[in-house]
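Letter by letter, the chains look like this.
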Amino acid sequence: MPLPFLTADRAFDANDQVALPFDDHDQWRRPYRPGSWRVGAAALSLLLASFVLLAAVIVAAAGSVGGASVTFGIAGLGIVATLRMLRMGTWVSRAGVRRVGFLSTVTVPWAKVTSVRTVQQPVRWLGLPRTVQGQALVLGRQGGEQLVLLTDHSADFLSRVEAFDRAADTVEAWNAEYGPAPAPAAAATR
């Protein structure tokens, strides 16, 4: 007896014209899934934070309030850092594109985007100082500034070339849909 409501293989057919409930273009969304390197590092970090929380409970039970509060603080910082690490990446909405880093966030409205293209260039391997030759999705802003949105050697796309290509195509499609309309071609003069 098939139970289609319990399985993920009952995907929406291509001929279904019903909008999906999560298809709200005003919400910020990541156009790709977080990679296994990012999720694995977050899981290990949360595991470490759970041990630190256990240590804080033991220190508190021993009667050292100051030591317990410091240990709880360290565990809290670890959890906050892990959540920020999971939030890192490129996010898109109708309003623009947002590049979320560990310590900073840059938001560029679609009206200020001049181009979004994939280029071959040296990229950082897993965010470390070491660089390797790879692909990057680069956003050109008004004023000639460039912002690297995605790389194929980041924690989200290492060893996942197809996922990088899909994510780059998705961001380029968002730019084509919401970016500034191209200037009309000048009429040829004779």
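For the structure itself, look to the data block above.
Residues numbered from 1 in each chain as written. Predicted model: local features only at pLDDT ≥ 70, side-chain atom pairs only at ≥ 80, totals over all residues. Heavy atoms only, no water.

**Remarks on the overall build of the protein**
Here's step 1: Regarding its fold elements, the protein presents 3 helices and 6 strands.
Here's step 2: Element order for the protein, N to C, with α for helix and β for strand: α-α-β-β-β-β-β-β-α.
Here's step 3: Sequence separation of 24 or more characterises 51% of the internal contacts of the protein that already satisfy a separation of 6 or more. (Helix = DSSP H or I, 4+ residues; strand = E, 2+ residues; numbered from the N terminus. Contact = heavy atoms within 4.5 Å.)

**Let's talk about the packing of aromatic side chains**
Here's step 1: If you walk through the whole model with that rule in mind, you get 3 aromatic pairs.
Here's step 2: Pairing Y32 with F157 gives two aromatic rings, centres 4.9 Å apart and planes at 55°, and the pair type is tilted. Of this pair, Y32 sits in the segment before α1 (36-61) while F157 sits in the loop between β6 (146-151) and α3 (161-178); the two residues are 125 residues apart in sequence, bridging distant segments of the chain.
Here's step 3: The interplanar angle of 80° and the centroid separation of 5.7 Å between the aromatic rings of F157 and F164 together place this pair among those described as edge-to-face. In this structure, F157 and F164 share a single accessibility class: buried.
Here's step 4: One aromatic cluster is present, formed by Y32, F157 and F164 through successive ring pairs.
Here's step 5: Seen from the ring of W28, R98 lies directly overhead, with NZ or CZ sitting 4.0 Å from the centre. (Phe/Tyr/Trp six-rings, centres within 6.5 Å; stacked < 30°, edge-to-face > 60°. Buried < 20%, exposed > 50% of the residue type's maximum accessible area, 1.4 Å probe, protein only. Lys NZ or Arg CZ within 6 Å of the ring centre and 35° of its normal.)

**Describing the layout of surface pockets**
Here's step 1: Looking at the largest pocket, its volume works out to about 510 Å³.
Here's step 2: Elements supplying a minimum of two residues to the lining of the largest pocket: α1, β2 (96-100), β4 (113-124) and β6. (1 Å grid on protein atoms, 1.4 Å probe; cavity = no way out; pocket = protein on both sides within 12 Å on 5 of 7 lines; lining within 4 Å. Points joined across faces, edges and corners; volume = space filled by probe spheres on them.)

**Description of the sheet that holds strand β3 (residues 105-109)**
Here's step 1: On the basis of which strands lie adjacent, the open sheet formed by 3 strands has the order β1-β2-β3 and antiparallel pairing. For this open sheet the edge positions go to β1 (89-93) and β3, each flanked by a neighbour on one side alone. When the angles between neighbouring strand axes are averaged without regard to direction, this sheet yields 15°.
Here's step 2: Across 5 bridges, β1 lies against β2 in antiparallel orientation. Paired with T90 across the strands is R99, a residue of β2. (Pairing = 2+ DSSP bridges. Axes fitted to C-alpha atoms, helices over the stretch in contact; angles between N-to-C directions.)

**A word on the pattern of salt bridges**
Here's step 1: This model, assessed by the stated rule, comprises 3 salt bridges.
Here's step 2: With its nearest N and O atoms 2.8 Å apart, the salt bridge here joins D26 to R94. Of this pair, D26 sits in the segment before α1 while R94 sits in the loop between β1 and β2, and the two are 68 residues apart along the sequence.
Here's step 3: On the basis of relative accessible area, R94 is assigned to the partly exposed category, the value being 41%.
Here's step 4: Here D156 makes a salt bridge to R38, at a shortest N to O gap of 2.9 Å. Residue D156 is located in the loop between β6 and α3, and its partner R38 is located in helix α1; the two are separated by 118 residues in the primary sequence. Both residues of the pair, D156 and R38, belong to the buried class. (Salt bridge = Lys/Arg side-chain N within 4 Å of Asp/Glu carboxyl O.)

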